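What follows is the residue order along each chain.
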Amino acid sequence: MTDEGIIREVYRVLEDRRDNPVDSYTSGLMTDDEKRAEDKILEKIGEEAAEVIIASKNDENLVEEAADLIFHTLLLLVYKRVPLERLLDEFSSRRK
Ligand SMILES: N=c1c2ncn([C@@H]3O[C@H](COP(=O)(O)OP(=O)(O)OP(=O)(O)O)[C@@H](O)[C@H]3O)c2ncn1[C@@H]1O[C@H](COP(=O)(O)O)[C@@H](O)[C@H]1O
């Protein structure tokens, strides 16, 4: 699988968890009454951002913590129904 392929695959699974909720971590975060679900995801992003800062300062687990932050940011985009193509296009448009 290409590097971009794994992101696509995770995104597709998250969209499925959103649309066909099961008893799982990501479905649990995305299914709640609308406001609370968004707040739970945003709170998680705040926690993960703090964990990235600590990991960097301590030179410990930076890759794992960065993956957690990126993952929860993707989860927010899925929850907000942003197509992955929009994110990829945004990166492409910044190419110099
Ligand atoms: N990539 C991930 C992924 N990365 C991180 N996490 C979860 O994100 C959480 C990170 O939170 P923390 O670092 O605070 O650790 P924690 O203390 O265990 O977290 P909490 O107690 O706060 O939940 C953990 O529960 C991890 O399991 C992920 N959970 C799921 N995925 C992907 O999402 C897909 C759907 O997941 P499920 O909904 O669980 O099936 C899976 O197939 C995976 O590909």
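Predicted, not measured: the structure shown is a model, and the values here were computed from it.

1. Brief notes about the overall build of the protein chain
Secondary structure assignment for the protein chain yields five helices and zero strands. Along the protein chain, helices and strands appear, N-terminal first, in the series α-α-α-α-α. For the protein chain, the spread of C-alpha atoms along the three principal axes comes to 40 × 30 × 25 Å. Taken over 96 residues, the protein chain has a buried fraction of 24%. Restricting to contacts in the protein chain with at least 6 residues of sequence separation, those with at least 24 account for 57%.

2. Here's the deal with the pattern of salt bridges
In total, this model carries ten salt bridges according to the counting rule given. For the salt bridge of Asp 19 with Arg 18, the shortest nitrogen-to-oxygen distance reads 2.8 Å. Judged by its relative accessible area of 41%, Asp 19 is partly exposed. Judged by relative accessible area, which is 15%, Arg 18 ranks as buried. Between Asp 32 and Arg 36 there is a salt bridge whose closest N-O contact spans 3.2 Å. By relative accessible area, which is 31% here, Asp 32 ends up partly exposed. Taking relative accessible area as the criterion, Arg 36 reaches 45% and is therefore assigned partly exposed. Salt bridges here are not isolated pairs; linked through shared partners, they connect Arg 18, Asp 19 and Arg 81.

3. Section: the site of the ligand
What surrounds the ligand is the set Val 13, Leu 14, Arg 17, Ser 24, Tyr 25, Thr 26, Lys 44, Glu 48, Glu 51, Asp 68, Phe 71 and His 72. A distance of 2.9 Å separates an oxygen atom of the ligand from a polar side-chain atom of Arg 17. Protein chains bury 51% of the 820 Å² of accessible surface belonging to the ligand in isolation. Where the shell around the ligand is concerned, the elements lending two or more residues are α1 (3–19), α2 (25–30), α3 (34–58) and α4 (62–79). Per-class residue counts for the shell around the ligand are four nonpolar, three polar and five charged.

4. With respect to the nonpolar core
Core analysis: the largest hydrophobic core is formed by 14 residues, its most contacted members being Tyr 11, Leu 14, Met 30, Ile 41, Leu 75, Val 78 and Tyr 79. Those elements that place two or more of their residues in this core are α1, α2, α3 and α4. Residue contributions to this core peak at five residues, all from α4. Those residues in contact with Tyr 11, other than ones at most four positions away along the chain, are Leu 74, Leu 77, Val 78, Val 82, Pro 83 and Leu 84.

5. Examining the confidence of the model for the protein chain
On average, residues of the protein chain score 95 in pLDDT, and 96% of them are at 70 or above. Element-level mean pLDDT values for the protein chain span from 94 in α1 up to 98 in α4. Scored by ipTM, the complex comes to 0.90, with pTM at 0.93.

6. Looking at the side chain of His 72
Take His 72: it is sitting in helix α4. Within the local environment of His 72, its side chain forms a polar contact with the backbone oxygen of Asp 68, the two atoms lying 2.8 Å apart. For His 72, the contacting residues outside a window of four places in its chain are Tyr 25, Leu 29, Ile 41, Lys 44, Ile 45 and Glu 48.

Calculation criteria
Residues numbered from 1 in each chain as written. Predicted model: local features only at pLDDT ≥ 70, side-chain atom pairs only at ≥ 80, totals over all residues. Heavy atoms only, no water. Helix = DSSP H or I, 4+ residues; strand = E, 2+ residues; numbered from the N terminus. Buried < 20%, exposed > 50% of the residue type's maximum accessible area, 1.4 Å probe, protein only. Contact = heavy atoms within 4.5 Å. Salt bridge = Lys/Arg side-chain N within 4 Å of Asp/Glu carboxyl O. Near = heavy atom within 4 Å. Polar contact = N/O pair within 3.5 Å; in protein donor to acceptor, adjacent residues only side chain to side chain. Areas by Shrake-Rupley, 256 points an atom, 1.4 Å probe, with all protein chains shown as cover. Nonpolar A, V, L, I, M, F, W, Y, C, P; charged D, E, K, R; others polar. Core = buried A, V, L, I, M, F, W, Y, C linked by side-chain atoms within 4.5 Å. pLDDT = per-residue confidence, 0-100.

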